Amino acid sequence: MRVALVQAPIDVSAMLAEVSTASSGATTLFLGTVRDVNDARAVDGIEYSAYEAMARRELETIAREAEAQFGTPHIVVEHRIGFLALTDISIAIAVSHARRSPAMDAARYVIEEVKKRVPIWKREHYADGAREWVDPTRGHAEVRR
Amino acid sequence: MATVRVLLFASYAEALGTSSLEIEVGAEPRVRDVLASVRARAGATQLPPSPLVAINERYARLDDPVGERDEVAIIPPVAGG
């Protein structure tokens, strides 16, 4: 199991290699990517920031929970921080397991818990020059130009 | 009186114009007391009634005690992934 916050682009091949074992019959790779529209507004990119020490701690807690719940230590999670352009990977979760169901369920568990608990924030940059903090609990927090 | 360091992030840091505050609180402060002091600062009207709070990198409750050396963080709604 390994988790990390990274500034550089995520190396998905390296993560897949890291969870690859002879006893694994299934590997799941989940990627979160920056898309070009949100709430019908054209998006240019997203700036991610974090309470880094706590974010690492929470990511590790989540990965350990997945490890215990789905029975595999072969879990790697990387979340990228900084400015990301369209199509860039913001989060990658790689899991391998002897069986496909727990491999898929573990990846799903990790991304859902990340969205609930890990102190990471994003500010969307829109094509019209506006910047806005994303608040999943009530839409969007504020607009700045 | 005790001095507690409070960290602010993202939209909350922007609202209060800083990423950290030194807050004066009374004896045996709780999370709710720290929040009340933060609310007295300019820009704090944008904080919701019960924001998420962490003490030393762990989520805390409003009635949890806060020590002088503790790092208190007010956590905006998370949006990772």
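Residues numbered from 1 in each chain as written. Chains lettered and ligands numbered in written order. Predicted model: local features only at pLDDT ≥ 70, side-chain atom pairs only at ≥ 80, totals over all residues.

Before we move on, can you summarise the interface of chain B and chain A with the specific residues and values?
Opposite the 14 residues of chain B that make contact, chain A presents 25 residues. Residues that form the side of chain B that touches chain A fall into these classes: 10 nonpolar, 3 polar and 1 charged. (Contact = placed C-beta atoms within 7 Å. Nonpolar A, V, L, I, M, F, W, Y, C, P; charged D, E, K, R; others polar.)

Explain the confidence of the model for chain A to me, using residue names and the numbers behind them.
In this model, chain A carries a mean pLDDT of 95, and residues with pLDDT of at least 70 account for 95%. Scored below 50 in pLDDT, residues 140-145 of chain A shows 16 contacts in the model against residues more than four places distant or in partner chains. (pLDDT = per-residue confidence, 0-100.)

Which residues make up helix α2 (residues 52-70) of chain A, and what are the values?
Residue and element names in this part refer to chain A. Between its terminal C-alpha atoms α2 stretches 27 Å, which fits the 27 Å expected from 19 residues at 1.5 Å a residue. Of the positions making up α2, those classed as buried are Met 54, Ala 55, Glu 58, Leu 59, Ile 62, Ala 63, Ala 66 and Phe 70. Two residues or fewer past α2, Gly 71 is found with a positive phi of approximately 75°. (Helix = DSSP H or I, 4+ residues; strand = E, 2+ residues; numbered from the N terminus. Expected span 1.5 Å × (residues − 1). Buried ≥ 20, exposed ≤ 12 C-beta atoms within 10 Å, placed from the backbone.)

Requested: an account of the nonpolar core, with residues and values cited.
By size, the foremost hydrophobic cluster in this structure holds 60 residues, and its most contacted members are Ala 106 and Val 110 of chain A together with Val 34 and Val 53 of chain B. Those residues within four positions of Val 110 of chain A in sequence are excluded, and the remaining contacts are Ile 62, Ala 63, Ala 66, Val 77 and Ile 93 of chain A. (Core = buried A, V, L, I, M, F, W, Y, C linked by C-beta atoms within 7 Å.)

Please provide a residue-by-residue account of helix α2 (residues 31-39) of chain B, values included.
Every buried residue of α2 of chain B is accounted for by Val 31, Asp 33, Val 34, Leu 35 and Val 38 of chain B. As for α2 of chain B, its buried residues are in contact with β1 (2-8), β2 (20-25), β3 (52-55), β4 (58-60) and β5 (71-75) of chain B.

Requested: an account of the sheet that holds β1 of chain B, with residues and values cited.
Strands belonging to one sheet form pairs held by backbone hydrogen bonds; the direction of such a pair is parallel or antiparallel. Residue and element names in this part refer to chain B. An order of β2-β1-β5-β3-β4 is seen for the 5 strands of this open sheet, with the pairing classed as mixed. Each edge of the open sheet carries a strand with a single partner, namely β2 and β4. Each strand axis lies, on average, 35° off the axis of its neighbour in the sheet, ignoring direction. Of the strand pairs in this sheet, β3 and β5 are connected by 4 bridges, and their pairing is antiparallel. Bridging across to β5, Leu 52 finds its partner in Ile 75. (Pairing = 2+ DSSP bridges. Axes fitted to C-alpha atoms, helices over the stretch in contact; angles between N-to-C directions.)

Give me the lowdown on unusual backbone geometry, citing residues and values where you can.
Residues and elements named next belong to chain A. With phi around 65°, Ala 40 is a residue other than glycine that occupies positive phi space. With respect to the helices and strands, Ala 40 occurs in the loop between β3 (37-38) and β4 (41-50). In this structure Ala 40 comes out as exposed when scored by C-beta crowding, with 5 C-beta atoms within 10 Å.

How would you summarise the sheet that holds strand β2 (residues 26-33) of chain A if you had to cite specific residues and measurements?
Residues and elements named next belong to chain A. Spatial ordering of the open sheet is given by β1-β5-β7-β2, a layout of 4 strands whose pairing is mixed. The outermost strands of the open sheet, each flanked by one partner alone, are β1 (2-6) and β2. For this sheet, the mean inter-axis angle between neighbouring strands, taken without regard to orientation, is 5°. With 5 bridges joining them, strand β5 (residues 75-80) and strand β7 (residues 89-97) adopt antiparallel strand pairing. Residue pairing across strands places Ile 75 opposite Val 95, the latter belonging to β7.

A description of the confidence of the model for chain B should follow, citing residues and the corresponding values.
If pLDDT is low for a region, its predicted coordinates should not be looked at in detail. When pLDDT is averaged along chain B, the result is 94, and 100% of the positions lie at 70 or above. In the predicted complex, the global pTM is 0.93; the interface-specific ipTM is 0.94.

Talk me through the environment of Ser 49 of chain A; I want residue IDs and the actual numbers.
Positionally, Ser 49 of chain A belongs in strand β4. Take Ser 49 of chain A: there are 18 C-beta atoms within 10 Å of it, and that puts it in the partly exposed class. With 71 residues separating them in the primary sequence, Ser 49 of chain A and Ile 120 of chain A have C-alpha atoms 5.7 Å apart. If near-sequence neighbours (up to four positions away) are discounted, Ser 49 of chain A is found in contact with Ile 81 and Trp 121 of chain A together with Phe 9 and Ala 10 of chain B.

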